[in-house]
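Chains, contacts and geometry: an overview
Single-letter residue listing:
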Amino acid sequence: MGLLEQCEAAFGTAGLYQVLDVRREASGDEIRRGYHRVSLRVHPDRAAPDRKEEATRHFQLLGKVYVVLSDQDQRALYDEQGIVDEESEALSQDRNWEEYWRLLFKKGKPIMAAGRKRDPVWEYFNEVPLPVGKTGMRAKCRHCNKEMQGLVARMKQHHEKCSFSGGSCIEDDERNMSEHAGSSGESSLTIQDSEDYPPSRSPSFSIVSELSANDSVSVTSCMSHSCSISPVAKRKKNFHHPETIIDKFMIRTGRLQKEVIDEKIARFVYATNSPFCMIENPHFINMVQSLRPGYSPPNRADVAGKLLDKVYEREIEQCAKGLEGEIVNLSLDGWSSVHNDPVVCACVTTEEGNVFLTETIDTSGNAQTAEYLHEVAVKAITNCEKKFKCLVRSLVTDNVANVSKMRRNLEESPKLITYGCSAHLMHLLAKDFSVPEIKANVVEIAKYFRNNHFAAAALKKAGGTKLTLPQDVQWNSVVDCFEHYIKNWPNLMTVCEQNSEKIDGTVTAKVLNIGLKRNVEHMLSLLKPISVALNKMQRNSCFIADAVEIWKELSEILKKEICNDRVKLQALKKRMGQALSPAHFLANILNTRYQGQTLTADEEELAMTWTSSNHPSIMPTIINFRAKGEPFKKYMFADDVLKKVTPVNWWKSLKHLDSETVEVIISLLTAIASSAGVERMFSSFGLIHSKLRNRLGPEKAGKLVFLFQIMNKQENEGEGD
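Because the structure is predicted, anything quoted here is derived from the model rather than measured.

**A look at the environment of Trp335**
- Along the polypeptide, Trp335 turns up in strand E8 (residues 327-336).
- Non-local contacts of Trp335, meaning those with residues more than four positions away in its chain, are made with Asp341, Pro342, Val343, Cys345, Phe682, Phe685 and Gly686.

Here it is in structure tokens:
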């Protein structure tokens, strides 16, 4: 039985801190005092004869508990994993725990037996059990193992003569000293005090008053190499314990401790996206061994194999504990790996906006049809619910044709809400509003002033900043390009006018073209509101109820700019129609902060019709909510309540509602507006599964991305790509 099981059987608790009656954050001195206080209650010398054996067993257990909690490494292992290294030298070696206790508390008072006070000389003797029928008492010297009658006078006489140098008596000791000293009577002595030497008998040399954290004492007092040994000195004890403890000067790493350190190193590799080969770099090994002499870090195969699986499974378990029973949203999107292999990623988003990568699916060798993607989505939902023990009740994807058809096939399940990514549709709206010729002219100017050394230096000298280029994979990058152009236009014009002979004539003509500048400003007035709305939509905490408000606000702004442009008005109406479904409108109605106040009558009718067809059981609740009637109280709609309480918590507080109604409402309120969370995962994939680490498979790369994201989790959301 291990130490923890023995403590459970003896003291009724397996908690080492509870056994010593100290706090988990207790200092070393507090643990020492706790050990002293508790050990006095079970000390064998205080126990009745019929309880002595049990007291001895409990006393020994307390000593082992103190050994664990007073050792820095042992305590760290117990605190982190709740286990004890039973193979450590401190626990595996045979030890006289009463002597250990006396060394630790040598300034304390002698232990009182249950009855008459024993003579202090018994500290140096063990009582020898007598055969049945025999009377009297016999004692055995703890240092020379000589057995004698338990008469105090005789024991004191022996104790004065007994030598601690190996069990011999004073006469043999004096003879040995004379042989080593020679005719001149000179000798070189090294005196070490170990845990078996009683402090009350120590010579007049410097003695360490307390044990170290590793429960060892190593006291060395050296006499001069040439010193005269007087007759008085000869009668002093010359001792040298054969089992000197040097744990204080050594760092030992047990098997369990090595496993803990290996895992910490592996976590560092995963969190920093360091290459596996770093583990075997000589400089890294030297650094680790300087910090922990004698320890050898794991090899790259372990870090890329069993340690990766171990850490991944442990983090999955932690996520599952937080997501168990929760209603979540699933996002699906695809990309091409560094080998140009098609990969589909599945991510879940919680009501708090936390995103977790659940699965990475290699779809190479399969046609990306709606039917195949339907199988992938169903499998991803099933695996997610099994792995994280959550409930997937909404699904968001991009808006390409095959994926849109896949969503329509999934709508057959009444419990699953499917819709397209609003952020993607806003990006498409920005493309609808863009004029390719204007963008091409600005890009040409930006490229020239970025790539031509003289032009770039002249712009910098004139006080300008570096122009940016739009990126197809980065939404809103066109807006950034136009903003930098307008901001630098006065400096660009100055550079072109002052260096007309050195600047390309075509570029100069475009920079000086006032019409182009005005067109860019007009385009920016249309694209900037879309960019602001797009940034809001890409937040991990933006839900479909919020998406309705964002789209309507954007529509009002754009209609003022394009009131006479029928083409753009039709494009705006089309994208809003694609983005906002009846589920969006119903979520907006059920959101306590919006309550459908901005919806038109047609939109409200769509929401209620959809509810009647898919979830007729919740219709009475919705009607009563909108009317603010029973069972909804007036104080629940107070402005302060609606402002400080999230819509999800507001509905969860209604205990009288049936579980089906609450599940449907929470499913609508936790549906994320966009798939930007999974898009951000692709950025991490590109960082981890790069051209330099091109041998990673999709499964291993997925594990590394999951660990990288969860170990570098930040509250501030980044922008989607």
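**Here's the deal with the packing of helix H3 (residues 28-42) against helix H7 (residues 97-104)**
- In contact at an axis separation of 12 Å, H3 and H7 are set at 130° when each is read in the N-to-C sense. For the element pair H3 / H7, the angle class is oblique. As H3 packs across H7, the resulting crossing turns out to be left-handed. In this structure, H3 uses Arg32, Tyr35, His36, Ser39 and Leu40 to contact H7, whose residues at the interface are Tyr100, Trp101 and Leu104.
- Of the residues in the contact of H3 with H7, the class split is 5 nonpolar, 2 polar and 1 charged.

**Details of helix H4 (residues 52-70)**
- Taking 1.5 Å per residue, 19 residues should reach 27 Å; H4 reaches 27 Å between its end C-alpha atoms and fits that length.
- Among all positions in H4, only Ala55, His58, Phe59, Leu61, Leu62, Gly63, Val65, Tyr66, Val67, Val68, Leu69 and Ser70 are buried.

**Points about the state of the cysteines**
- Per the counting criterion, the structure on display carries 0 disulfides.
- In this model Cys347 remains outside any disulfide bridge; the closest cysteine sulfur is found in Cys345, 6.2 Å from its own.
- Overall, the relative accessible area of 1% leaves Cys347 in the buried class.

**Quick notes on helix H16 (residues 401-410)**
- For H16, the complete set of buried residues consists of Val403, Ser404, Met406, Arg407 and Leu410. For H16, the angular spread of buried residues about the axis comes to 155°, placing them on one side. Within H16, the exposed residues directed more than 90 degrees away from the buried face are Ala401 and Arg408.
- Those residues of H16 hidden inside the fold are in contact with helix H15 (370-388), strand E11 (391-397) and strand E12 (417-420).

**Some remarks on the packing of helix H25 (residues 582-590) against helix H26 (residues 601-614)**
- Viewed as axis vectors pointing N to C, H25 and H26 meet at an angle of 100°, and their least axial separation amounts to 8 Å. When the axis of H25 is compared with that of H26, the two are roughly perpendicular. The segment H25 lies against H26, with Pro582, Ala583, Phe585, Leu586 and Ile589 engaging Glu603, Leu606, Ala607, Trp610 and Thr611.
- Residue classes in the contact of H25 with H26 are distributed as 8 nonpolar, 1 polar and 1 charged.

**Focus: the packing of aromatic side chains**
- One pass over the structure, following the stated rule, counts 15 aromatic pairs.
- Taking 5.7 Å as the distance between ring centres and 80° as the angle between the ring planes, the aromatic pair formed by Phe632 and Trp651 counts as edge-to-face. Pair noted here: Phe632 is in the loop between helix H27 (619-627) and helix H28 (639-644) and Trp651 is in helix H29 (residues 647-652), with a separation of 19 residues, a long-range link.
- Judged by relative accessible area, Trp651 falls into the buried class, the value being 1%.
- An aromatic cluster is built from Phe625, Phe632, Phe637, Trp650 and Trp651, whose rings are joined through pairwise contacts.

**Quick look at the sheet that holds strand E10 (residues 355-362)**
- Here we have 5 strands laid out as an open sheet, ordered E10-E9-E8-E11-E12, and mixed in their pairing. Of all strands in the sheet, those bounded by a partner on one side alone are E10 and E12. Neighbour-to-neighbour, the strand axes of the sheet open up by a mean angle of 25°, direction not taken into account.
- Note that strand E9 (residues 342-349) and E10 share 7 bridges and pair antiparallel. Looking across to E10, one finds that Val343 is bridged to Asp362.

**Thoughts on the nonpolar core**
- Ranked by size, the top nonpolar core spans 89 residues in total, and within it Phe449, Trp551 and Trp651 carry the most contacts.
- The leading source of residues in this core is helix H22 (residues 514-537), at 10 residues.
- In this structure, Val328, Leu330, Val343 and Val355 belong to the second largest nonpolar core, which totals 59 residues.

Thresholds, definitions, all that
- Residues numbered from 1 in each chain as written.
- Predicted model: local features only at pLDDT ≥ 70, side-chain atom pairs only at ≥ 80, totals over all residues.
- Heavy atoms only, no water.
- Helix = DSSP H or I, 4+ residues; strand = E, 2+ residues; numbered from the N terminus.
- Contact = heavy atoms within 4.5 Å.
- Axes fitted to C-alpha atoms, helices over the stretch in contact; angles between N-to-C directions.
- Parallel < 35°, antiparallel > 145°, perpendicular 65-115°, else oblique.
- Left-handed = near helix turned anticlockwise from the far one by under 90°.
- Nonpolar A, V, L, I, M, F, W, Y, C, P; charged D, E, K, R; others polar.
- Expected span 1.5 Å × (residues − 1).
- Buried < 20%, exposed > 50% of the residue type's maximum accessible area, 1.4 Å probe, protein only.
- Disulfide = S-S within 2.5 Å.
- Arc of directions from axis to C-beta.
- Phe/Tyr/Trp six-rings, centres within 6.5 Å; stacked < 30°, edge-to-face > 60°.
- Pairing = 2+ DSSP bridges.
- Core = buried A, V, L, I, M, F, W, Y, C linked by side-chain atoms within 4.5 Å.

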